[in-house]
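Reading the structure
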Amino acid sequence: MLSALFQGWTKAQNSDEEFQTSTGINISTKLQRELHEMGLYGQTVACKLHITNDVQKACSGSVASIFSSLALCPTELVKCRLQAMHEMEASGKIASGQKSTVWSVVKNVLRTNGPLGFYQGLTTTIVREVPGYFCFFGGYELSRSTFAEHMGKDKEHIGVVPLMFSGGFGGACLWLVVYPIDCVKSRIQVLSLAGKQEGFLKTLMGILRNEGVAPLYSGLTPTMIRTFPANGALFLAYEVSRRIMMQQFEH
């Protein structure tokens, strides 16, 4: 007789566990019942799924940035040295008369430090990229989700202007987080030209002690002005090309 009271208990437990496993969301039975009564259960699950999905994409971008740093660090080293070479010659930090071409910088690095010399500042580059791209993709997805919620549409159909704004917002989030780190990274790569190789913390403390906080944000305003149209166009091109390719593969 008692067993009849528990018929279907195992199936109910399995269904609830499958729901929690498939969504990654744990909602208590009492809360589920209350939300069902108010007609908000589906909206709550959908909201949590959107948040989970956005965080997953942000984490994916963050992990991917580690690998992009391996390709980015050598090119940024050459760029930073080229940009600082004339100033360092004028101040006497390096010998004057050196050729300021890409190939001359590449040969100098190979001759002085070998192939690994191109990865001076790699740790700082990774420290910059990992949180930066979490904020980049996280800000983009969060902005798209917010537009979709207020417009009553899914994220794929919010329109061009909200999409471009979301891209610009993601870029702004990235630079607000990484700009001071980027300043330290560039300083490390430039000073390595004069043979002064120091770590991230030593370089950061040297800037703060000798120059204060302001140099860490020098040039942030034009960077923020640039990032909205640049990243807006970037994500617009990405989304449009992705949809076109998906349509081609479906046929």
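This report concerns the structure included in the present document. (Residues numbered from 1 in each chain as written. Predicted model: local features only at pLDDT ≥ 70, side-chain atom pairs only at ≥ 80, totals over all residues. Heavy atoms only, no water.)

1. Overview of the overall build of the chain
Along the backbone of the chain there are nine helices and zero strands. Written out in order from the N terminus, the α and β elements of the chain read α-α-α-α-α-α-α-α-α. In the chain, which comprises 251 residues, the proportion classed as buried is 36%. Once local pairs closer than 6 in sequence are excluded, the contacts in the chain between residues at least 24 apart make up 71%. Of the accessible surface of the chain, which amounts to about 15,400 Å², a share of 65% is contributed by carbon and sulfur atoms. (Helix = DSSP H or I, 4+ residues; strand = E, 2+ residues; numbered from the N terminus. Buried < 20%, exposed > 50% of the residue type's maximum accessible area, 1.4 Å probe, protein only. Contact = heavy atoms within 4.5 Å. Areas by Shrake-Rupley, 256 points an atom, 1.4 Å probe, with all protein chains shown as cover.)

2. Points about the packing of aromatic side chains
For the structure shown, the criterion picks out ten aromatic pairs. Pairing Phe137 with Phe235 gives two aromatic rings, centres 6.2 Å apart and planes at 90°, and the pair type is edge-to-face. In this pair, Phe137 is assigned in helix H6 (residues 122–151) and Phe235 in helix H9 (residues 220–250), connecting sequence segments 98 residues apart. The interplanar angle of 90° and the centroid separation of 6.4 Å between the aromatic rings of Phe235 and Tyr238 together place this pair among those described as edge-to-face. Residue Phe235 and its partner Tyr238 are both found in helix H9; the two are separated by three residues, about one turn of the helix. The class of Phe235 is buried, set by a relative accessible area of 4%. The class for Tyr238 is partly exposed, based on a relative accessible area of 44%. (Phe/Tyr/Trp six-rings, centres within 6.5 Å; stacked < 30°, edge-to-face > 60°.)

3. Concerning a nonpolar patch on the surface
Together, Val63, Ile66, Phe67, Leu70, Leu116 and Tyr119 give the surface a local cluster of nonpolar side chains, amounting to about 600 Å² of exposed area. For Leu116, the location among the structural elements is in the loop between helix H5 (102–113) and H6. (Patch = residues over 30% accessible without salt bridge, like charges linked within 9 Å, V, L, I, M, F, W, Y side chains within 5 Å. Salt bridge = Lys/Arg side-chain N within 4 Å of Asp/Glu carboxyl O.)

4. Examining the packing of H6 against helix H7 (residues 160–191)
Interhelical geometry of H6 versus H7 gives an angle of 165° and a closest axis separation of 7 Å. Classed by the angle they form, the pair H6 and H7 counts as roughly antiparallel. Crossing of H6 against H7: the hand is right-handed. Considered class by class, the residues forming the contact of H6 with H7 number 18 nonpolar, nine polar and four charged. (Axes fitted to C-alpha atoms, helices over the stretch in contact; angles between N-to-C directions. Parallel < 35°, antiparallel > 145°, perpendicular 65-115°, else oblique. Left-handed = near helix turned anticlockwise from the far one by under 90°. Nonpolar A, V, L, I, M, F, W, Y, C, P; charged D, E, K, R; others polar.)

5. Overview of the nonpolar core
The biggest cluster of nonpolar side chains holds eleven residues, and these are Phe136, Tyr140, Leu163, Ala172, Leu174, Trp175, Val178, Tyr179, Leu220, Met224 and Phe235. Contributing elements (two or more residues each) for this core: H6, H7 and H9. In terms of residues, this core owes the most to one element, H7, which gives six residues. Listed in part, the seven residues of the second largest apolar core include Met85, Val106, Val109 and Phe118. (Core = buried A, V, L, I, M, F, W, Y, C linked by side-chain atoms within 4.5 Å.)

6. A few points about the pattern of salt bridges
Tallied over the entire structure, the rule returns 14 salt bridges. We note a salt bridge from Arg128 to Glu129, for which the minimum N-O separation is 2.7 Å. For the pair formed by Arg128 and Glu129, the shared burial category is buried. The residue Glu156 makes a salt bridge to Arg243 at a minimum N-O spacing of 3.8 Å. With Glu156 in the loop between H6 and H7 and Arg243 in helix H9, the pair connects residues that are 87 residues apart, well separated along the chain. Linked through salt bridges whose partners overlap, the residues forming this network are Lys57, Glu141, Arg144, Lys155, Glu156, Glu239, Arg242 and Arg243.

7. Notes on the packing of H7 against helix H8 (residues 200–210)
Direction vectors running N to C along H7 and H8 enclose 105°, while the axes themselves pass 10 Å from each other. As far as their axial angle goes, H8 and H7 are roughly perpendicular. Along the contact surface, H7 presents Ile181, Val184, Arg187 and Ile188, while H8 presents Phe200, Thr203, Leu204 and Ile207. For the contact of H7 with H8, the class distribution of residues is six nonpolar, one polar and one charged.

8. Some points on the environment of Ser69
Along the chain, Ser69 falls in helix H4 (residues 41–90). Excluding anything up to four places from it in sequence, Ser69 contacts Pro74, Leu122, Thr125, Ile126 and Glu129. Only 2.8 Å separates the side chain of Ser69 from the backbone oxygen of Ser65, close enough to count as a polar contact. (Polar contact = N/O pair within 3.5 Å; in protein donor to acceptor, adjacent residues only side chain to side chain.)

9. So, the environment of Phe134
Examined against the element boundaries, Phe134 turns out to sit in helix H6. Remark: the alpha-carbon pair of Phe134 and Gln56, spanning 78 residues in sequence, is separated by 9.6 Å. Those residues in contact with Phe134, other than ones at most four positions away along the chain, are Val55, Ala58, Cys59, Ser62 and Gly139.

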